[in-house]
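If you want the building blocks of each chain, they are given just below.
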Amino acid sequence: MEYQAEYIIIPCINLTQEQFQQLLANIGSSRKGSMTSCKATYNGRKDRETVEAFLTAVQVFKKLENITDSDALAGLPLILRDEAAVWWQGSKSIVITWAKFEEALRNTFAPKKPVYEIYLEACGTKQGPGVSTDDFVTKKRMLFSELPSDEVLNQKQQLNITYGLLNLKIREKVPIEEVKDFDDLLKQARSAEALLKEKALGEGKKESSDKTAETFKSDNSAPSRAKKASRCNFCKKLGHVIEECRKRKKTTQLTLGAKFKGYKRFI
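Residues numbered from 1 in each chain as written. Predicted model: local features only at pLDDT ≥ 70, side-chain atom pairs only at ≥ 80, totals over all residues. Heavy atoms only, no water.

Q: How do you make sense of the overall build of the protein chain when you look at a structure like this?
A: When you go through the protein chain residue by residue, the secondary structure sums to eleven helices and zero strands. For the protein chain, the sequential pattern of α-helices and β-strands runs α-α-α-α-α-α-α-α-α-α-α. Relative to its full complement of 267 residues, the protein chain shows a buried share of 25%. Considering only contacts in the protein chain between residues 6 or more positions apart, those separated by 24 or more positions represent 54%. (Helix = DSSP H or I, 4+ residues; strand = E, 2+ residues; numbered from the N terminus. Buried < 20%, exposed > 50% of the residue type's maximum accessible area, 1.4 Å probe, protein only. Contact = heavy atoms within 4.5 Å.)

Here is the structure:
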């Protein structure tokens, strides 16, 4: 029995660049995702930076996965945890749009601070010894962004305030005259921090070496201290043991000498 192969001829279609881009757009718009694969979660931590980071991540995910606002609201139980999940159970009946959700979340877990509190925190807290310049500057810029539109400071003012609150060791390495903007400040501050870290590491090794030498010296002097504190069982004096006692050796020699003389007379 013979089999005859069948061939399907597919016509070749030439697309212009514009048509190809339109085809990709149509394919992307037809794809619809869900919140099940969203990695961003929020547990109700009352911190403005955490809340804003969560909302930004979810917004990007919604856009990339082409998720509608209604589907995103329905999927919120999948990404809200702990206190935030409890809050949503009591609020979902009155929050019917995504914009309302963002507003309600901010008002509950990250309410806007009064202007004087923002200024107090932005201008009053200095950089601690264990805080990196990147984290410190990011925190300050976040606070400046919370100011209302009629209170907003320009970039130069923000830069000068932030620089004045930097750690003294950083300011000594990075003169304000050489700083153009925040990016320039961070770049120079990172180099300064690397040098300070290297210097501290070298000093730590030197200190460790000095301690080792001191310990070695102390260990070597321990026998002499023990010897000095010992008492001879023969002469009862301090500073030596019976095996090193000169008086004992002299007495032993006299005794042996006397016995030897007596032995000779006996012979």
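Let us keep going from here.
Q: Explanation requested: the packing of aromatic side chains in the structure shown.
A: Aromatic rings in a pair are described by how distant their centres are and how their planes are angled relative to each other. On inspection of all chains with the given rule, the structure shows seven aromatic pairs. Ring geometry for Tyr42 versus Phe109: centroids 5.5 Å apart, planes at 80°, classification edge-to-face. One end of the pair, Tyr42, is in the loop between helix H1 (17–30) and helix H2 (48–65); the other, Phe109, is in helix H5 (residues 98–109), and 67 residues separate them in sequence. No difference in accessibility class separates Tyr42 from Phe109, as the two residues are buried. With a centroid separation of 4.9 Å and an interplanar angle of 45°, the aromatic rings of Trp98 and Phe101 are classed as tilted. Residue Trp98 and its partner Phe101 are located together in helix H5, separated by three residues, close to a single helical turn. The residues Trp98 and Phe101 share a single accessibility class, namely buried. A connected cluster of aromatic rings, assembled from ring pairs, spans Tyr42, Phe54, Trp87, Trp88, Trp98, Phe101 and Phe109. For Lys62, the ring lying beneath its charged end belongs to Trp98, and the centroid distance is 5.1 Å. (Phe/Tyr/Trp six-rings, centres within 6.5 Å; stacked < 30°, edge-to-face > 60°. Lys NZ or Arg CZ within 6 Å of the ring centre and 35° of its normal.)

Q: I keep staring at the nonpolar core and nothing clicks. Help me out?
A: Note on soluble globular proteins: their nonpolar side chains tend to be buried together. Of all hydrophobic cores here, the largest spans 25 residues; its most connected members are Met35, Tyr42, Phe54, Leu76, Trp88, Phe101 and Leu105. Elements represented by at least two residues in this core include exactly H2, helix H3 (69–74), helix H4 (82–91) and H5. If we skip the residues at most four places from it in the chain, Leu76 touches Trp88, Trp98 and Phe101. Counting 14 residues, the second largest nonpolar core, distinct from the first, contains Leu165, Leu166, Val179 and Leu185. (Core = buried A, V, L, I, M, F, W, Y, C linked by side-chain atoms within 4.5 Å.)

Q: Before we go on, may I ask you to explain helix H7 (residues 133–145) in this structure?
A: A turn of α-helix holds 3.6 residues, and therefore any two residues three or four places apart point the same way. Given a rise of 1.5 Å per residue, 13 residues ought to cover 18 Å, and the 18 Å separating the end C-alpha atoms of H7 matches this to within 8%. Those residues of H7 lying buried are Thr133, Phe136, Val137, Lys140, Leu143 and Phe144. The buried residues of H7 occupy an angular sector of 125° when projected down its axis, which confines them to one face. What points out from H7, more than 90 degrees from its buried face, is the exposed set Asp135 and Ser145. (Expected span 1.5 Å × (residues − 1). Arc of directions from axis to C-beta.)

Q: I'm lost on the pattern of salt bridges in this one. Help?
A: It is possible for side chains of opposite charge to pair when their charged atoms get near one another. Applying the stated criterion across every chain yields a total of eight salt bridges. A salt bridge links Glu146 to Arg48, with the nearest nitrogen and oxygen atoms 3.4 Å apart. Of this pair, Glu146 sits in the loop between H7 and helix H8 (155–164) while Arg48 sits in helix H2, placing them 98 residues apart in sequence. Judged by relative accessible area, which is 16%, Glu146 ranks as buried. (Salt bridge = Lys/Arg side-chain N within 4 Å of Asp/Glu carboxyl O.)

Q: I would appreciate a short explanation of H5 in the present structure.
A: Given a rise of 1.5 Å per residue, twelve residues ought to cover 16 Å, and the 16 Å separating the end C-alpha atoms of H5 matches this to within 8%. For H5, the complete set of buried residues consists of Trp98, Phe101, Glu102, Ala104, Leu105 and Phe109. The buried residues of H5 occupy an angular sector of 170° when the element is viewed end-on, so they sit on one face. Within H5, the exposed residues directed more than 90 degrees away from the buried face are Ala99 and Asn107. Where H5 is buried, its residues touch H2, H3 and H4.

Q: What's the story with the packing of helix H6 (residues 115–124) against H7 in this structure? I'm lost.
A: To describe two helices that pack against each other, one gives the angle between their axes and the distance between the axes. The contact between H6 and H7 brings their axes to 9 Å, and the two run at 160°. Here H6 lies roughly antiparallel to H7, going by the angle between them. Between H6 and H7 lies a crossing whose hand is left-handed. Facing Ile118, Glu121 and Ala122 of H6, the residues of H7 in contact are Lys139, Lys140, Leu143 and Phe144. Considered class by class, the residues forming the contact of H6 with H7 number four nonpolar, no polar and three charged. (Axes fitted to C-alpha atoms, helices over the stretch in contact; angles between N-to-C directions. Parallel < 35°, antiparallel > 145°, perpendicular 65-115°, else oblique. Left-handed = near helix turned anticlockwise from the far one by under 90°. Nonpolar A, V, L, I, M, F, W, Y, C, P; charged D, E, K, R; others polar.)

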